[in-house]
Amino acid sequence: MTPHADPQTGAAVKAADRAHVFHSWSAQGLIDPLAVAGAEGSYFWDYDGNGYLDFTSGLVYTNIGYQHPKVVAAIQEQAGKLATFAPAFAVEARSEAARLIAERTPGDLDKIFFTNGGAEAVENAIRMARLHTGRPKVLSAYRSYHGGTATAVNITGDPRRWASDNGTAGVVHFWAPFLYRSPFYSSTEAEECARALTHLEDTIAFEGPQTIAAIILETIPGTAGIMTPPPGYLAGVREICDRYGIVFVLDEVMAGFGRTGAWFAADHFDVVPDLITFAKGVNSGYVPLGGVAISAEIAATFDKRPYPGGLTYSGHPLACAAAVATIQVMADEKVVENAAAVGETVLGPGLRELAERHPSVGEVRGLGVFWALELVRDRETREPLVPYNASGEANAAMAAFGAACKKNGLWPFINMNRTHAVPACNVSEAEAKEGLAALDAALSVADEWVA
């Protein structure tokens, strides 16, 4: 589809948005949303005819790109056959989606509880863990994001938690490993792993192991910075959980379904959790869908005891039909393999080459099509390019970098002092190189803010 200018329609869309749409995570009077006219593959465009290579994948969920014809057709076919049905019944699309997901989850996580998205998946995973163990507390990392609903936002570590934090949530935060900004003064990955595990064990000891229901971690944290855990860390957490009877939950809402070059990021670490939360890439976000993959042991807790949770649209037929089609497309078109190859041969080397030439880049890290650039004012001190949770004038450097990206036809993912390179999992080599060229130009702007 070729973009064409239609400013009059764009102005009407924008006016209606500003009059009536209440946007998430925003001061409503300070935002200026782009009016989007269309999207296809790795690109979208506005009503002025400007096109953008989407290096955000929406919110890191269009893993097969926009408007994939096979998934669109599957949604249309399902709408003509059975557009909706209550969750208490067995429905073909729902059953098949659950089967295909269970085939790809690690270990015995073969029961699937469907939700409308990732936050609800986390809510229900924590509820399952608390009911399974009879314990109240949950441990999660400071550098994390798990969702915006009541429990999920308290489990979250980043500043979006603060306004809704309360002392009765039963959540305790701890430091997960991150060598570049190590809270443990480590100098190697092995040291960081060992010290992070010791810190976690100390936290458990002082909180009381018998009070802790679950430890939840993003397998590879997403919005918080794409910090791949050091070798042995997730296995160490698994061992700690086994020793104390704690449920181990991996949040794969962002990292799952091909994003890291594997069906699930846990596959890279040979670790099987007790619960996995998923959403986003399961159907590329074409219709809202999320869920919890549940181990046999936890599922058995609710064989004779009702699970006290449910959603009107759990396993919605349109969403599940989209998931079935998406998983089939990913298998047939080798999308997971493409994500791994592009990460290894194009994005990884390309981003590291940019880091060599741009003093504003402190670190490059990632896997597959899941990468982060840590932008700094000083490589030696590792001072971030902007302060933690900066806004307004304090965030001017990142705002200038983002504007430069858009001027060069790239829509960037920016969080605090980082930009993430997270294109669709089926991004082509040429598209990835196009994105790298745009980043190269924008980083020259970031370099102007280096001390």
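Here the structure is a predicted model, which means the values were calculated and not measured.

> Outline the packing of aromatic side chains, listing residues and values.
Within the structure shown, the criterion is met by twelve aromatic pairs. Taking 6.3 Å as the distance between ring centres and 75° as the angle between the ring planes, the aromatic pair formed by tryptophan 25 and tyrosine 145 counts as edge-to-face. Within this pair, whereas tryptophan 25 is found in the loop between α1 (7-20) and β1 (36-40), its partner tyrosine 145 is found in the loop between β5 (137-141) and α6 (150-155), the two being separated by 120 residues in sequence. Residue tryptophan 25 is classed as exposed on the basis of its relative accessible area of 52%. Seen from their ring centres, phenylalanine 85 and phenylalanine 89 are 5.0 Å apart, and the 85° between their planes marks the pair as edge-to-face. A residue is classified by how much of its surface remains accessible, and phenylalanine 85, at 38% relative accessible area, is partly exposed. Judged by relative accessible area, phenylalanine 89 falls into the partly exposed class, the value being 48%.

> Talk me through the sheet that holds strand β3 (residues 51-54); I want residue IDs and the actual numbers.
Reading across from one edge, β1-β2-β3-β14 is the order of the four strands in this open sheet, with mixed pairing throughout. What marks the edges here is a single partner per strand, and that holds for β1 and β14 (410-411). Relative to β14, β3 runs parallel, the two being bridged by two bridges. Across the sheet, aspartate 54 pairs through a bridge with tryptophan 411, a residue of β14.

> Describe the environment of arginine 135, naming the residues involved and giving the relevant values.
Mapping arginine 135 onto the fold places it in the loop between α5 (118-133) and β5. Measuring from C-alpha to C-alpha, the distance between arginine 135 and proline 209 comes to 9.4 Å, with 74 residues separating the pair along the chain. Not counting residues up to four positions away in its chain, the partners in contact with arginine 135 are Arg130, Pro209, Gln210, Thr211, Ile212, Ala213, Tyr244, Gly245 and Ile246. Side-chain polar atoms of arginine 135 contact the backbone oxygen of glycine 245, separated by 3.3 Å.

> Describe in detail the pattern of salt bridges, supporting the description with residues and values.
Side chains carrying opposite charge are able to pair once their charged atoms draw close together. The full count for this structure, using the stated rule, is 19 salt bridges. A salt bridge links aspartate 274 to arginine 238; its shortest N-O distance comes to 2.9 Å. Remark: arginine 238 occurs in helix α8 (residues 233-244) and aspartate 274 occurs in the loop between β8 (247-251) and β9 (275-278); sequence separation between them is 36 residues. Relative accessible area serves as the criterion here: at 13%, aspartate 274 is assigned to the buried category. Here the salt bridges do not stand alone but share partners, grouping Glu96, Arg99, Glu103 and Arg104 into one network.

> Break down helix α12 (residues 396-407) for me, citing the residues and quoting the values.
Because an α-helix packs 3.6 residues into every turn, residues spaced three or four apart end up facing the same way. The end-to-end C-alpha distance of α12, which contains twelve residues, comes to 16 Å, matching closely the 16 Å that a straight helix rising 1.5 Å per residue would cover. Packing partners of the buried residues in α12 comprise β12 (370-378), β14, β15 (413-415), β16 (418-421) and α13 (429-447).

> Explain helix α4 (residues 92-104) to me, and be specific about the residues and the numbers.
With 13 residues, α4 should cover 18 Å at 1.5 Å per step; its first-to-last C-alpha distance of 19 Å lies within 8% of that length. Ala93, Arg94, Ala97, Ala98, Leu100, Ile101, Ala102 and Arg104 are the residues of α4 that are buried.

> Go over the sheet that holds strand β10 (residues 290-294) with me, naming the residues and quoting the values.
Strand order in the open sheet made by the seven strands is β4-β10-β9-β8-β7-β5-β6, with mixed pairing throughout. This sheet does not close on itself; its edge strands, each paired only once, are β4 (111-115) and β6 (171-174). If you compare each strand with its neighbour and ignore which way they point, the axes differ by 20° on average. As paired elements, β5 and strand β7 (residues 212-218) share four bridges and run parallel to each other. By the bridge assignment for β7, valine 138 is matched with alanine 214. Docked against the sheet, α8 engages β6, β7 and β8, running at close to 150° with respect to β8.

> Run through the nonpolar core, naming residues and quoting values.
Counting 90 residues, the largest nonpolar core has Ile215, Leu217 and Tyr233 as the members making the most contacts within it. Per element, the largest residue contribution to this core is ten residues, and it comes from helix α10 (residues 317-332). Apart from residues lying up to four places away in sequence, leucine 217 is in contact with Ala141, His146, Phe174, Ala176, Tyr233, Leu234, Val237, Phe248, Val249, Leu250 and Asp251. In terms of nonpolar packing, the next biggest core, distinct from the first, is built from 22 residues, Phe113, Ala152, Ile216 and Val247 among them.

> I'd like to hear about unusual backbone geometry, residue by residue, with values.
Positive phi, normally seen in glycine, also occurs at glutamine 67, with a value near 60°. By the secondary structure assignment, glutamine 67 is in the loop between α2 (57-60) and α3 (69-81). In this model, aspartate 270 sits at a positive phi of 55°, which is unusual for a non-glycine residue. With respect to the secondary-structure elements, aspartate 270 resides in the loop between β8 and β9. Judged by its relative accessible area of 73%, aspartate 270 is exposed.

Procedures and definitions
Residues numbered from 1 in each chain as written. Predicted model: local features only at pLDDT ≥ 70, side-chain atom pairs only at ≥ 80, totals over all residues. Heavy atoms only, no water. Phe/Tyr/Trp six-rings, centres within 6.5 Å; stacked < 30°, edge-to-face > 60°. Helix = DSSP H or I, 4+ residues; strand = E, 2+ residues; numbered from the N terminus. Buried < 20%, exposed > 50% of the residue type's maximum accessible area, 1.4 Å probe, protein only. Pairing = 2+ DSSP bridges. Contact = heavy atoms within 4.5 Å. Polar contact = N/O pair within 3.5 Å; in protein donor to acceptor, adjacent residues only side chain to side chain. Salt bridge = Lys/Arg side-chain N within 4 Å of Asp/Glu carboxyl O. Expected span 1.5 Å × (residues − 1). Axes fitted to C-alpha atoms, helices over the stretch in contact; angles between N-to-C directions. Core = buried A, V, L, I, M, F, W, Y, C linked by side-chain atoms within 4.5 Å.

Bear in mind that shape data such as this cannot, by itself, settle questions of function.
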